Structures are given as C-alpha cells and as structure tokens.
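# Structural description and commentary
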Amino acid sequence: MPGLTFTVDGAQAVPFAAAPTIAFQVRVVNPHASRQIRSIALRCQILIEASRRHYSPGERDSLRDLFGDPDRWSQTLRSMLWTHAAVNVPAFSGSTTCELPVPCTFDFNVGAAKYFHAIQSDDVPLCFQFSGTIFYATPDGALQIDQVDWNKEAKYRLPSQVWREMMDHYYPNSAWLRLGRDAFERLYEYKRRHGMATWEEAIESLLPFQEGAAS
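Read on for a plain summary of the structure. (Residues numbered from 1 in each chain as written. Predicted model: local features only at pLDDT ≥ 70, side-chain atom pairs only at ≥ 80, totals over all residues. Heavy atoms only, no water.)

Counted under the stated rule, the structure contains 10 salt bridges. When the shortest N-O distance is used, the salt bridge between Arg27 and Asp9 registers 3.0 Å. Of this pair, Arg27 sits in strand E2 (residues 21–29) while Asp9 sits in strand E1 (residues 5–13), and the two are 18 residues apart along the sequence. A salt bridge links Glu49 to Lys155; the nearest nitrogen and oxygen atoms lie 2.8 Å apart. Placement of Glu49 in the loop between strand E3 (37–48) and helix H1 (57–62) and of Lys155 in strand E8 (residues 153–159) is noted, with a sequence separation of 106 residues between them. The class for Glu49 is buried, based on a relative accessible area of 9%. (Salt bridge = Lys/Arg side-chain N within 4 Å of Asp/Glu carboxyl O. Helix = DSSP H or I, 4+ residues; strand = E, 2+ residues; numbered from the N terminus. Buried < 20%, exposed > 50% of the residue type's maximum accessible area, 1.4 Å probe, protein only.)

Printed below as a string of structure tokens:
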C-alpha cells in the first residue's frame, strides 16, 4: 500500500476560467519510491474551520447572518463544509505537485460566500480531507489498485486577499443577489414604471424610504 501524504503548499486565483476558481497546489509524497504511482483519482472535501481564527468587530458584525450574535458563538461557531473538488494526478515517483481547482460562487445565499466576504484581513483556516483511488505498480511491474487512507488530510490558511482579488477580477464593483420571483416581478414593474435604466437605480431609489423607516 503506497501510504501517501498530502500537503497544500499555496493557492492562487485562476485568471481566465469560465467561473471564479482558486487553484490549490497540492503536494503528494509517496514514501515507497519503488512503487511507481500510475495515477490517482483524487477527491477532496474542504472545510472552513471557522473556530480556528479570531475576528475583528467588523467581521463579527458581518458574520451574524451565519453564526448569530457573538455571545452565542461558543455554541454556534463550528467548522462548515465549503465544497468538494477532484483532480486526476498523473504518474510520478517519489513526489509530485498538482493543481486542485475549486470553483467559487459569489451568491450570497451560499454560506461560504457570506463567510469569505465577511473576512476583512488575515487568513481563512481550511481543512482538506482527501479520498480517492490509487493506481500503482509493484517492483515487478504488476498493476495494483488501492484507496487513499480515510484519515488523510491537510491544513492550509488561505490568505483572504486571494478570494477578494479573484471576485474583484470576475465581478468588478458588483455582487450577486438572488430574489424570490414575486419580489423580482414587483421590483421589475417598479423599474419599468419609473423608466429606470439599471437595477442599481431602482434599488437606490428605494433605500432612502427604508432607511427613513428604520430611523
């Protein structure tokens, strides 16, 4: 059995992808160099370990939507699933580095997007939990198949500016907001009735009324 180990050495935004994507550099080490790895169908579950960092007052306020009031965070602040990802690792002996692409969303109905948007500085603690199928050759050349050990994982602290710069690149000065269909139709009718050219103009025209009501 190969007994592979995994580490995450870095991350960078992919500049020309079909959707916002972060590529993580995953290093795979095979301690048994005599067993050549033919390929790995590698899968990964990525968790945001929210309790493993401190939060500024501004971040605490922004995260109320996810975790509630900060005085309850001892019960509510927990690790959360970000996403699943997969990559095919080509043949190697000893060690290799591959890129694990992770598509990202700017949909604020998704908890991970809310979390990343709330982080103003420093790093986001992540846990990569690996699984998958290993195809390798024994010293006599026989092909063997095995599974990645269930307990293989790697920690990585993603710089928050990587996510922010990526979203600024794909959505410059903009954000996504999903509305219920009834609310959309009412807003669309309001926009048409008042001859407004953009959605921003329609929403901004309504904000003073809401702010006045709140005060």
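So that's the structure; there's more coming.
Our next topic: the sheet that holds E2. Spatial strand order, E1-E2-E5: 3 strands in an open sheet with antiparallel pairing. Bordering the open sheet on either side are E1 and strand E5 (95–103), each of which pairs with just one other strand. Taken pair by pair, the neighbouring strands of this sheet meet at an average axis angle of 25 degrees, ignoring direction. Here E1 pairs with E2 via 8 bridges, running antiparallel. The partner of Gly10 across the bridge, within E2, is Gln25. Against the sheet, helix H5 (residues 160–170) touches E1 and E2, its axis set at about 140 degrees to E2. (Pairing = 2+ DSSP bridges. Axes fitted to C-alpha atoms, helices over the stretch in contact; angles between N-to-C directions. Contact = heavy atoms within 4.5 Å.)

Examined against the element boundaries, Ser131 turns out to sit in strand E6 (residues 123–137). Spatially, the C-alpha atoms of Ser131 and Glu153 are 8.9 Å apart, while their sequence positions differ by 22 residues. Beyond its immediate stretch of four places on either side in the chain, Ser131 contacts Ala41, Leu42, Arg43 and Val148.

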